[in-house]
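The chain contents come next:
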Amino acid sequence: MKGINPGLGYAGQILYVDLTKGSTRRKPLEKDFATTYIGMTGFNAKLIYDLVETGTKPLSQENVLVFSAGVLSGTGAPSTPKTEASAKSPATGLYGSSVGGMLGPMLKWAGYDSLVIRGRAERPVYLEVFDDEVNIREAGHLWGRHIVDATNALWDELGDDYYVACIGPAGENLVKFANILVNRMFHFSRTGLGAVMGSKNLKAVAVKGTKGLGVADPEKFMELTSKLFDKIVKHTGREVWNSLGTLISYDMWFGMKPGVGHAPRKNSQEDPSLGAKIFDPETYLKRIKGGSLACLNCPISEKVWVEVKGGRYDNLAFPASDSAGLSVIHGQQLALESFDDSVKFFELCNRYGVDVFSCSATIAFAIELYKRGIIDKVDADGLELEWGDMETIQKLLEKIVLREGIGGVLAEDVGAASKIIGKGSERYAIHVKGIAIPYFEPRVRLCTDVFGAVTSIIGGHGNRAMSLDLMPRERESIIRFCEMAGFPEDAIDRICPPTSLGESVPRLTKWVEDFNTAIWSLGVCTRPPIARVYGLEVCSDLYSAATGIEMSPSELLRAGERIWNLQKAFNMREAGGEATRKNDVFAERMYRDSIYVSGHDKDYEPLEPHLIEKMLDEYYEERGWDVERGIPTKQKLVELGLRSVAEELEKVLP
Amino acid sequence: MAFRGVKIDNENCTGCLHCQVRCSFHHTGRFNPLRSRIKIRRIDRKERFRISFSPECAECEVLTCVDACFYDALKGV
């Protein structure tokens, strides 16, 4: 078989670093590997499945941390900054993974599609990659410093051209939701990958690449991308996206539109609409936002340079990757009293290196337990926990980062913390598979993003199932979406049966998971104004134009399915019977308590278990899995070209 | 300021680097901001940007950077 063309679409190499041995080596990217697993999400799935030995302890030196770039990342294709970090998660023991931005393109420019890090350095180090030069350098002077400080110090040392992926004190202290920040802005936040870096004594990865990337068919590539840019620039929502970012969904977060209310308050107990006046777009534009930022090659500038004007945190300035993530979700769950407090909380999370979702959710969990008398002042190290009390909340955050007192328990993430605390606290732990899920409210609206949190490989995060139904949609819109995403006709008939008014959320979830996995493997952003403009067919055309390798739309979608199944197989191999249907479940509160949304003046009833079970039946059936157990059948894995995986799993889950 | 009929508006720059990506591809056949003639630099390590042309830009026949900008940070006048 003819190999890939290095430097055309693919950079053409994988860089392996062993921190125990202090050694590095490069391996050429093999064509079979590349075409079977496409890039980014697929490369990570395959590398983690193959390189992490069964039963590896996530914080041991045997765990493997992989960063991969998408196939189009680093080319001139629109909105392709995507990069994925993966390892076995210290929070769940399952597949750990987080999709972020910008490191990947620089890795590609330096000549690498993936960076694989194993082992553990004896002392704190950072990794410097400058084209072919790879150095493991002393980082004693960076250890203990927060992310902004450490990143600036590295820029002082190496120059501002480097892209720096760095952990904070939380990663060093092995907080189970410690994150990694690229250029102190772009997150790899979920599943505790910062702790994996910390356990390896690896403070940072700094990359500079001067090689750059070409494409196999420049004329075709430019023609395709130019059409795409044109469509994105003309997208009707562009102006509002550029102004508000993800606060574009203000109405949906706060239950201001019928049937939607995705940002519950006070540990998912309270009315989302109560925060509408605090986290409003007007305050955001007038007092918080200093300027618009965009990812690489993106005509949608939904990221933000924060520059607070007036108030307690006058002149607070930093770059933020998401306007709603900057404010709404943790602001609501902690019942913070001002937009300013919410922005400050986010900024602190970025400095210390913790995932804002899990961190705010664990603190909200602790406040609720305190209010209910399940923990007391002694348990809380003398603190009186109160909703919205920023001073105490900041103290708790710092305790988590330092793993001090109650912080050491909360640092385990909500699922594990509730097991340690016991005393019935499990019923107030809002998580899926151990990972906190502080937003997207299933009792109000069960769309793919919400249902997808349950079927998610990593737990607690539904973004892998993002489609278009966060708000109610006409049947025609759903069908158009399915066609854009290249779903087969018979699948579209099942998703939108001619006899029914609405869509089947579980069936749509299956297909959109495969679609998002495929386009992420190309490095394309899944935000609505991007993914829906691209569509599957253009993705496959661009793949071919960039790499010179033919890839049909259906092969690409099939690869998405293969990758999804391989990630699931990793969970089955590592967790056996725990990675089956019984693990695909919402937090207990969702089945027990109702939630009132004043914007709709409506009480939403708790979820009915049998209806969720029915949805799961449909989902597994659409996946072609064993419906009873909720896992891939041998036949399905073999059909996807994963025979050896199927044989290995037979020994674990006969 | 204006340069060869191009008006630079630093305030509008979002740091998307598309001008650099296109410039480098046009002049070197490789996508890479570090190979670009047009330069985008952070001011005082803030995500506020300063755009500048290099001496070679004086001879550039296409100024593909202007065409690449989505945000009117570079505009033909």
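Reading the values: rules and limits
- Residues numbered from 1 in each chain as written.
- Chains lettered and ligands numbered in written order.
- Predicted model: local features only at pLDDT ≥ 70, side-chain atom pairs only at ≥ 80, totals over all residues.
- Heavy atoms only, no water.
- Helix = DSSP H or I, 4+ residues; strand = E, 2+ residues; numbered from the N terminus.
- Rg over C-alpha atoms; globule rule 2.2 N^0.38 Å.
- Contact = heavy atoms within 4.5 Å.
- Areas by Shrake-Rupley, 256 points an atom, 1.4 Å probe, with all protein chains shown as cover.
- Lys, Arg positive; Asp, Glu negative; His and termini not counted.
- Charge placed at Lys NZ, Arg CZ, Asp CG, Glu CD.
- Polar contact = N/O pair within 3.5 Å; in protein donor to acceptor, adjacent residues only side chain to side chain.
- Buried area = accessible area lost by both parts, 1.4 Å probe.
- Salt bridge = Lys/Arg side-chain N within 4 Å of Asp/Glu carboxyl O.
- Expected span 1.5 Å × (residues − 1).
- Buried < 20%, exposed > 50% of the residue type's maximum accessible area, 1.4 Å probe, protein only.
- Arc of directions from axis to C-beta.
- Pairing = 2+ DSSP bridges.
- Axes fitted to C-alpha atoms, helices over the stretch in contact; angles between N-to-C directions.
- Left-handed = near helix turned anticlockwise from the far one by under 90°.
- Nonpolar A, V, L, I, M, F, W, Y, C, P; charged D, E, K, R; others polar.

(A) Main features of the overall build of chain B. Broken down by element type, chain B carries 2 helices and 5 strands. Going residue by residue from the N terminus, the α and β elements of chain B occur as β-β-α-β-β-α-β. By the compact-globule yardstick of 11 Å for 77 residues, chain B fits well, its C-alpha radius of gyration being 11 Å. Restricting to contacts in chain B with at least 6 residues of sequence separation, those with at least 24 account for 49%. With an accessible surface of roughly 3800 Å², chain B has 46% of that area assigned to carbon and sulfur atoms. Looking at chain B, you have 14 positive and 9 negative side-chain charges, and the mean spots of the two groups are 5 Å apart.

(B) Inspection of the side chain of A:N571 at higher detail. Residues and elements named next belong to chain A. Examined against the element boundaries, N571 turns out to sit in helix α22 (residues 553-575). Here Y95 takes part through its backbone nitrogen, which lies 2.7 Å from a polar atom of the side chain of N571. Not counting residues within four places of it along the chain, the set of residues in contact with N571 comprises L94, Y95, I457, G576 and A579.

(C) Structural view of the interface of chain A and chain B. Listed per partner, the contact involves 44 residues of chain A and 24 residues of chain B. With both chains or domains summed, chain A and chain B bury close to 2500 Å², and 57% of this area falls on carbon and sulfur atoms. On the chain A side of the interface with chain B, the three residues burying the most area are A:M222, A:N297 and A:W305, jointly 16% of the side's total. One can count 3 salt bridges joining chain A with chain B. The shortest N-O distance in the salt bridge between B:E47 and A:R184 comes to 2.7 Å.

(D) How the structure looks around helix α24 (residues 609-623) of chain A. All names here are of chain A. Here α24 contains 15 residues, and its C-alpha end-to-end distance of 21 Å stays within 8% of the 21 Å for a straight helix at 1.5 Å per residue. Among all positions in α24, only I612, M615, L616, Y619, Y620, E622 and R623 are buried. Seen from one end, α24 has its buried residues packed into an arc of 160°, which puts them on one side. Of the residues in α24, the exposed ones pointing more than 90 degrees away from the buried face are H610 and K614.

(E) Layout of the pattern of salt bridges. All names here are of chain A. This structure, assessed with the given rule, holds 60 salt bridges over all chains. Where K303 meets E302, a salt bridge forms, and the shortest distance between an N and an O atom there is 2.7 Å. Each of the two residues, K303 as well as E302, counts as buried. Residues joined by salt bridges that share partners form a network here, namely K510, E513, D514, R558, E561, R623, K636 and E639.

(F) The sheet that holds strand β15 (residues 317-320) of chain A, seen in detail. All names here are of chain A. Taken together, the 3 strands give an open sheet; going across it, the order is β13-β14-β15, and neighbouring strands pair in antiparallel fashion. Taken across any chain shown, the strands that pair with only one partner, and hence form the sheet edges, are β13 (289-293) and β15. Pairwise comparison of adjacent strand axes, ignoring direction, gives a mean angle of 20° for this sheet. As defined by bridge partners, β13 adjoins strand β14 (residues 303-307) across 4 bridges and the pair is classed as antiparallel. Across the sheet, the residue bridging to S292 is V304, located in β14.

(G) Molecular detail of the sheet that holds strand β2 (residues 23-28) of chain A. Residues and elements named next belong to chain A. Taken together, 6 strands build an open sheet; the order of strands is β2-β1-β6-β3-β4-β5 and the sheet is mixed. In this open sheet, the two edge strands, each paired with only one partner strand, are β2 and β5 (95-101). On average, each strand axis in the sheet is inclined to that of its neighbour by 15°, with strand direction left out of account. Across 4 bridges, strand β3 (residues 65-69) lies against strand β4 (residues 82-88) in antiparallel orientation. By the bridge assignment for β4, F67 is matched with A85. Packing of helix α3 (residues 103-110) onto the sheet brings it into contact with β3, β4, β5 and β6 (114-118), and relative to β3 it is tilted by some 80°.

(H) Inspection of helix α12 (residues 339-352) of chain A at higher detail. Between its terminal C-alpha atoms α12(A) stretches 20 Å, which fits the 20 Å expected from 14 residues at 1.5 Å a residue. Where α12(A) terminates, the next one or two residues include A:G353, which has phi positive at roughly 80°.

(I) Seen up close, the pairing of strand β1 (residues 13-18) of chain A. Residues and elements named next belong to chain A. The buried count for β1 comes to 6 of 6 residues, which makes it a mostly enclosed element. Side-chain alternation along β1 places Q13, L15 and V17 on one buried face and I14, Y16 and D18 on a second face that is also buried. Alignment of β1 against β2, held across 6 bridges, turns out to be antiparallel. Directly across from L15, in β2, lies its bridge partner R26. Between β1 and the antiparallel strand that follows it, β2, lie 4 residues; G22 among them carries a positive phi value of about 70°. Here 5 bridges tie β1 to β6, and the two strands are oriented parallel to one another. Residue pairing for β6: Y16 is matched across the bridge by V116.

(J) Representation of the pairing of β6(A). All names here are of chain A. Within β6, 4 of the 5 residues are buried, which leaves it mostly tucked inside the rest of the structure. With 4 bridges connecting them, β3 and β6 associate as antiparallel partners. Considered in β6, the bridge of V66 is made with V116.

(K) Layout of the packing of helix α18 (residues 475-484) of chain A against helix α20 (residues 505-521) of chain A. Residue and element names in this part refer to chain A. α20 packs onto α18 with a crossing angle of 35° between their chain directions and a minimal axis gap of 11 Å. The way α18 lies across α20 gives a crossing that is left-handed. Note on element contacts: α20 touches α18 through L508, V512 and F515, opposite I478, F481, C482 and M484. Within the contact of α18 with α20, the residues separate by chemical class into 7 nonpolar, no polar and no charged.

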